[in-house]
Each structure stands twice: as structure tokens, then as C-alpha cells.
Amino acid sequence: MQAVVLAAGEGTRIRPLSASVPKPMLPVADRPLVAHTVDAAIAAGADEIVLVVGYEATTVREYFGSSYRDVPVRYAVQHEQAGTAHAVNVAREHLEGPFAVLNGDNLYDPAAIEQLFDASPAVCAVEVDNPRQYGVLRTDDGTISHIVEKPDEPPTNLANAGAYAFPAAAREWLDVATSERGEHEITDVIARVIDEYAVTPVTTDRWMDVGRPWELLEANEWKLGELERRIDGEVSDAAHLEGDVVVEEGATVKPGAVVEGPVLIRSGASVGPNAYVRGATLLDEDTSVGNAVEIKNSVLSSGATVSHLSYVGDSVLGRNVNFGAGTTVANLRHDDGDVRLTVKGRRISTGRRKFGVVVGDDAKTGINSSLTPGLTLTAGATTNPGEIVERDR
Ligand code: TTP
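Within each chain, residue numbers correspond to sequence positions counted from 1 in written order. Local features are withheld for residues below a pLDDT of 70 in this predicted model, meaning they are given only at 70 or higher, and side-chain atom pairs are given and counted only at 80 or more; totals for whole chains, interfaces and linings count all residues. Side-chain metrics rest on all non-hydrogen atoms present in the structure, leaving aside hydrogens and water.

## Concerning the overall build of the protein
Inference 1: Each helix is a run of DSSP H or I of at least 4 residues and each strand a run of E of at least 2, with the numbering of both proceeding from the N terminus. The number of helices and strands found in the protein is six helices and 39 strands.
Inference 2: With C-alpha atoms as the basis for the radius of gyration, the globule rule is written as 2.2 Å multiplied by the number of residues raised to the power 0.38. Its C-alpha atoms give the protein a radius of gyration of 22 Å, within 12% of the compact-globule value 21 Å for 393 residues.
Inference 3: All accessibility values rest on the Shrake-Rupley procedure with a 1.4 Å probe; residue burial counts only the protein chains present in the view. Accessible area of the protein: about 16200 Å², with a carbon and sulfur share of 42%.
Inference 4: Separation of charge centres in the protein, based on 35 positive and 58 negative side chains, amounts to 6 Å. When charges are counted, Lys and Arg contribute as positive and Asp and Glu as negative, whereas His and the chain ends are disregarded. For charged residues, the charge sits on one atom: NZ in Lys, CZ in Arg, CG in Asp, CD in Glu.

Given below as C-alpha cells:
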């Protein structure tokens, strides 16, 4: 079966992390988010991957090339984000038989994708507490009888988990009308498939839609939690590694460092003397953690540097970010309330009591900067030495 993977979105809600990297290419453990989706499709038996790309498409093309894990990869370019059905429709010329469609910014349980392929035609479903925010499915006698997008009165709490196995005939049903939201939505394609076929719901317990910065942290918590201890890099005898820690070849851990898994230290990364790194933390390629720095439950994207005597907790740092010595991130509010973050100009709750900061690529902090919980620094932003930074910049 061919698998169409939707990776054309910019990820406006995850700005500034998507300033120059499309959301599907943001790091989740040892690979980009979308590579987890592609890997799940390949493990389920996909014989060809069709990637729908748009925003910053080159990054996606460079990663996957024309063949990935010996499976051919083709590309379809969506020039404007006109909706999920529109995205699949631009891949139409590549489709030759039954096909699957997966969201490139969702994390799936690979076992569920395998079941989905086996049960085709089928739709992946997940039980949620807040069905009003999703496409909601109704089932009768073990098949899906109805799908409705973001209903005021959801018929069930079974949400569409953004993974579908369609019959070949669906290729002709992709050109759907514009919805009330002004998009060509895949929900309307699914509705047609439900009308014409018995469509199986494949329920999954574990699924994530990565839309906002803290969800990238949560995606890493999930995938780093699956690590198994492996030490291929250079670790000092005087360092202490506990639990599921992976040190890739070409990474170094200096004397006195304490690393408590799950932690992934990727190739070219270095953990300085007396540093304390604790889970779930990703130190991506060529990152540098200085002397006596503490990093907790955070993502340091490739090339990021945190200089000596700094603290970073529950935060996401973009590529080549540079924290000056003594930079301290606060990740807890005095009132113990959930930390709020700016998403598309609005302050919204992360739902997390502990959350630090989101820092765009190439931003730099001056020495002894103090950063308050829920702060966003845009790509290339700077702070002054000794500054207390309470407002986004
Ligand atoms: P969304 O999360 O709705 O859009 P997005 O990824 O651009 O993020 P944001 O809302 O923060 O701007 O998209 C769901 C999936 O479908 C995602 O994998 C991107 C993909 N998509 C396309 O490929 N083309 C489209 O026209 C749309 C709307 C989505």
C-alpha cells in the first residue's frame, strides 16, 4: 500500500520553532517528527511513501531523498495550505491503488498503523476527553457510520486520529467542496468512503497531535521514554550515568557529570564537567552543555549551547541558541498555576505546572539572564547581561 504523508504545513502555532524548519522536521528523539510517521508506515508494510510538502520543502526532501530505508519516496508540492483533502489531492497523480494517509505532525503507535493497514478501509480513532475539538466518529455494529468535524454536541468521545487506509476508489473523491472553515477537508472524503464501504475503526491508546511548543516537549517525553541504554560515545570513568541513557558515537560526557535517563546525547554533543542532565532530555547533534550546568526535561536542538553555571528546565531551545553563563530558566509559578504561553498572539495554558521557555533558532542570552516561565524568545533575539526577561521578544 502507498502511504501519503502530509508535511506541507508551516506550524504557525509552534512558532518561533518553525521559523526556518517546518514543524514536521522538528526533532523528536533521534529523528524529525515526520520520520516517526514514515517509519511507522514502512513498518506497517508501505511500499511507497508520497510526501506532500510545501513550507520549507527542501528540508524535508534533503532528509528523505528519493529512497528512505529502501522504500521509494515521491514528493507532491502543495503551494497553498488549502486543507487536508487538497493536500492529498495534489498527490493524486502518484496514487495507483489502495492508499493510506497519515499526518506528518502526529505521533502514532506503530502497532496501530499496522492494524490500520491490515483492516483497510479503516480510520484510526482515539478516545478523548474533549471531543469538540476533533473530528468525531460514530460507530454501529463495529463499523464507522458517521463523522462530524468539531461538533457542539459530540455523539461519542471517539476522535479521528489522523490516519486512514482508503480504497483505490477514494482517489476519485478527493476534490471535495470548501468547508465552512474555508478548507478542503479530509473529513468530507472520509464521509464518502463511509457511505460506500464498511470502514473499520482502529482504536489506539496512544496518539499525539503536535501543534504547540509544549507538545513537542511531550512528543520527546514519549519517544525518549522508549530509549534503551546504549553507550557508543566517550564517557569519562568519573561520570555517572543512570537509567536509559544513550550516548551516540562522537558524543562526549566529561568527569563529574551526572546523567539520569531517559536522556539522548547525540553525535557531536558534549556534556561538560560536573553537569547534571536529567530526563526526559534530548541533546541533539553538536549541542554543548557547559561546566556545572543543569538541564532537566528539555530539548536542545542541534548546535545549541548552554554555557557554564546555567539552569534550563522544561524548555525547548531551537538550533544554535546560545545561553550565556549563568542563564537561569524559571519553570514554576509562585501561585503554582499552569504555565501560560503565547500561541498566535494569545496567552494560553500549557496545562503544565512546570514549563520553562521556548527559544527560536540563533537567539542569545547575556550572562546571568533570568527567564520567566512561559517566555518566548523569537529567532535571533538577544537579552542583556543580568537582565530579568518577563515579556516575549
Ligand atoms: P494543521 O496542524 O492543521 O496545520 P499546520 O501543520 O500548518 O499547523 P498550524 O495549524 O499550527 O499552522 O495540519 C494537520 C496536518 O495536515 C499537518 O500534518 C499538516 C498537514 N496539512 C497539509 O499538508 N496541507 C494543508 O493544507 C493543511 C491544512 C494541513
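## Quick look at the domain arrangement of the protein
Inference 1: Structurally, the protein comprises domain 1 (2–210) and domain 2 (223–389).
Inference 2: Here a residue-residue contact requires only that any non-hydrogen atoms of the pair lie within 4.5 Å. Facing 14 residues of domain 1, the contacting portion of domain 2 comprises 22 residues.
Inference 3: Once two parts are brought into contact, the accessible area they lose, counted with a 1.4 Å probe and summed over both, makes up the buried area. Both sides of the domain 1 and domain 2 interface together cover about 1300 Å² of buried area, and 68% of this is carbon and sulfur.
Inference 4: When the buried area of domain 1 at its contact with domain 2 is split by residue, Pro-16, Leu-17 and Ala-29 rank highest and sum to 40% of it.
Inference 5: In what follows, salt bridge is the name for a side-chain nitrogen of Lys or Arg lying within 4 Å of a carboxyl oxygen of Asp or Glu. At the junction of domain 1 and domain 2, the tally comes to zero salt bridges.
Inference 6: As used in this structure description, the phrase polar contact means that two N or O atoms lie within 3.5 Å; if the pair is within protein, one of them must be able to donate a hydrogen and the other to accept it, and residues adjacent in sequence are counted only when both atoms belong to side chains. Our count for the contact surface shared by domain 1 and domain 2 stands at four residue pairs in polar contact (both at pLDDT 80 or more).
Inference 7: At the level of secondary structure, the elements contributing two or more residues to the side of domain 1 that touches domain 2 comprise β2 (27–28) and β8 (106–108).
Inference 8: Its residues assigned to classes, the side of domain 1 that touches domain 2 comprises nine nonpolar, three polar and two charged. Here the bounds of each domain stem from an automatic or database domain assignment. Residues are sorted three ways: Asp, Glu, Lys and Arg are charged, Ala, Val, Leu, Ile, Met, Phe, Trp, Tyr, Cys and Pro are nonpolar, and all the rest, Gly among them, are polar.

## Details of the packing of helix α1 (residues 33–43) against helix α4 (residues 110–119)
Inference 1: In this analysis an axis means a line fitted to C-alpha atoms, helices contributing only their contacting stretch, and an angle means the value between N-to-C directions, from 0 to 180 degrees. Packing of α1 against α4 leaves a shortest axis separation of 8 Å and a crossing angle of 45 degrees. The angle between α1 and α4 places the two elements in the oblique class. With respect to the hand of their crossing, α1 and α4 are arranged in right-handed fashion. Here Ala-40, Ala-41 and Ala-43 of α1 lie close against α4, whose contacting residues are Pro-110, Ile-113, Glu-114 and Phe-117.
Inference 2: When the residues that make up the contact of α1 with α4 are grouped by side-chain class, the tally is six nonpolar, no polar and one charged. Just so you know how the angles are binned, under 35 degrees is roughly parallel, over 145 roughly antiparallel, 65 to 115 roughly perpendicular, and the rest oblique. Note: crossing handedness is left-handed where the near helix turns anticlockwise from the far helix by less than a right angle, and right-handed where it turns clockwise.

## Things to note about the UniProt feature "domain: Nucleotidyl transferase" (unreviewed entry) in the protein
Inference 1: UniProt positions are given in the numbering used here, feature names are shortened, and annotations may be inferred rather than shown by experiment. UniProt marks residues 3–221 with the feature "domain: Nucleotidyl transferase" (unreviewed entry), using the numbering shown here.
Inference 2: Annotated as 26% helix and 31% strand, the span residues 3–221 places its first and last C-alpha atoms 26 Å apart.

## Remarks on the sheet that holds strand β16 (residues 234–235)
Inference 1: Read across the sheet, seven strands follow the order β16-β19-β22-β25-β28-β31-β36 without closing on themselves; strand pairing throughout is parallel. Either end of the sheet is taken by a strand with one partner, and the two such strands are β16 and β36 (364–365). Strands pair, by our definition, only if DSSP identifies at least two bridges between them.

## Points about the side chain of Lys-296
Inference 1: Relative to the helices and strands, Lys-296 is located in strand β26 (residues 294–296).
Inference 2: If we ignore the near neighbours within four places in the chain, the residues touching Lys-296 are Arg-278, Thr-281, Tyr-311, Val-312, Gly-313, Asp-314, Asn-331 and Lys-354.

## Here's the deal with the sheet that holds strand β30 (residues 316–317)
Inference 1: In space, the eight strands of this open sheet follow the order β15-β18-β21-β24-β27-β30-β35-β38, with parallel pairing throughout. Two strands in the sheet have a free side with no partner beyond their single neighbour: β15 (230–231) and β38 (375–377).
Inference 2: As defined by bridge partners, strand β24 (residues 281–283) adjoins strand β27 (residues 299–300) across two bridges and the pair is classed as parallel. Bridge pairing in β27 links Leu-282 to Val-299.

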